[in-house]
Amino acid sequence: MLEVKDLVKKYGDKTAIDGLSFHIDSGEVVGLLGLNGAGKSTTMNCITGYIAPTKGTVTVDGHDILKEPAKAKSVIGYLPEVFSFYSDMKVSEYLDFVCDLKGFPRQQKLRKEHIDRICAQTGIRDLKGRLIRNLSKGYRQRVGFAQALINDPKVLILDEPTVGLDPSQIIEIRQLIRESGKESTVIVSSHILTEIQAICSRIIVIHGGRIAWDGPTEQLLLAGTGRKEITIRGKGDAEAAKAVLAELSCIEQITPLPEQEEGAFDFAVTGAVGRDIREEVFCAFSKAGMPLLQMSSREASLENMFLHLTGRDEPVSGGDEPADAAAKQEGGER
Ligand code: ATP
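First, a word on scope: everything that follows refers to the structure included in this document. Note that the structure is a prediction, hence the values are computed from the model and not measured.

Details of the pattern of salt bridges
A complete count under the given rule lists 21 salt bridges for this structure. The partner of K40 in a salt bridge is E160, and the shortest N-O contact between them spans 3.9 Å. Residue K40 is found in helix α1 (residues 40-47), and its partner E160 is found in the loop between β7 (155-159) and α6 (167-180); the two are separated by 120 residues along the sequence. Both residues of the pair, K40 and E160, belong to the buried class. The shortest N-O distance in the salt bridge between R174 and E195 comes to 2.9 Å.

Thoughts on the nonpolar core
Counting residues in hydrophobic clusters, the biggest one holds 39 residues, and the most contacted among them are L95, I124, V143, F145, L158 and I177. The residues contacting I177, other than those within four sequence positions of it, are F145, L158, P161, V186, V188 and I199. If you look at the next biggest cluster of nonpolar residues, it comprises 26 residues, including L7, I17, V75 and I206.

Examining the pairing of strand β2 (residues 14-24)
Inspection of the sheet shows strand β1 (residues 2-11) paired to β2 by 8 bridges, in the antiparallel sense. In the sheet register, V4 faces β2, and the bridge partner there is F22. In textbook terms, the turn of a hairpin is the stretch between consecutive antiparallel strands, and for β1 and β2 this stretch comprises 2 residues, one of which, G12, has a positive phi near 60°.

Side note on the site of the ligand
Neighbouring residues of the ligand: 13 residues in total, closest G37, G39, K40, S41 and T42. Measuring from an oxygen atom of the ligand, one finds a backbone N or O atom of A38 at 3.1 Å. Side-chain polar atom of E81 to an oxygen atom of the ligand: 3.2 Å apart, as the coordinates give it. Contact with the protein chains removes 63% of the 630 Å² of surface that the ligand exposes when unbound. Of all elements in the fold, only β2 and α1 reach the threshold of two or more residues within the shell around the ligand. A total of 3 residues in the shell around the ligand trace back to one element, the largest contributor, which is α1.

Analysis parameters
- Residues numbered from 1 in each chain as written.
- Predicted model: local features only at pLDDT ≥ 70, side-chain atom pairs only at ≥ 80, totals over all residues.
- Heavy atoms only, no water.
- Salt bridge = Lys/Arg side-chain N within 4 Å of Asp/Glu carboxyl O.
- Helix = DSSP H or I, 4+ residues; strand = E, 2+ residues; numbered from the N terminus.
- Buried < 20%, exposed > 50% of the residue type's maximum accessible area, 1.4 Å probe, protein only.
- Core = buried A, V, L, I, M, F, W, Y, C linked by side-chain atoms within 4.5 Å.
- Contact = heavy atoms within 4.5 Å.
- Pairing = 2+ DSSP bridges.
- Near = heavy atom within 4 Å.
- Polar contact = N/O pair within 3.5 Å; in protein donor to acceptor, adjacent residues only side chain to side chain.
- Areas by Shrake-Rupley, 256 points an atom, 1.4 Å probe, with all protein chains shown as cover.

Shown next, in the form of structure tokens:
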């Protein structure tokens, strides 16, 4: 349904996306996940033909977006991240206008029935007579959703569709996305892991304009939980302790933690996928004559996995905002 091949987009000297390739089949609901500035919007803008790539091709339902833009665009519905409405229009007037833009037949009855169906689908049937400027942000987003659905798209592209919404609005929009996934191939971008996890069956992680991961959501979750993380406190010199840890091949990351006890060191240590590192760490310190005073273990979270994939691999205690979490955790070591 959608083929993206070797896509590159440069803005002057800045390379926003750098050789992206992926294929999305009919009926897939795919999440584009990445930190702010990763290249998600640029990718979506290239897919929808909103901007031209510097290199590479996008084929939608067999039509090249640059060579056959009208045919390709006729099967795409797009809700951009920043969406401008004609806010002095009533909802029904606006959707009628979008029908004109998308070349929907002008027959009054047919068009009214179509708009009624889309309004029912997006939960705005009772708002058709309301001015857009008087709607809440959540309902305005539904109107944005309605305009994206007006051509019954085979491919629906949603750029950060829940940004700025309150929790109940987020739940409603997620439900809309799930419903839309029954009719269309859906690509939804977000920098929020739980968002993507809740909606998508496949996740493509973009980092620095490249694909850092592409696979089923459960696989990413499994990979995330396959990583054990321990925090340790031991007696002795922190540098010597770090050297002991650095010798262990089962360890992927060592992060010094602030000193809690005089004469003791604290570290957070992440093991390789599928490795339980507790025993090896314990034995290594015992052999080095540095007694461990404390050890606690936890499963590495999806958030941590994301940070690992994006090269900002630091243990995070909670939250679903990787950018913020990463910013807070700057300064870790590998
Ligand atoms: P966000 O989640 O913040 O929207 P994003 O993942 O969608 O981020 P993009 O908006 O695609 O990322 O931006 C990718 C990179 O390209 C960023 O470094 C951004 O600053 C840069 N960029 C985007 N649009 C332009 C532009 N029109 N001119 C110059 N640089 C741009």
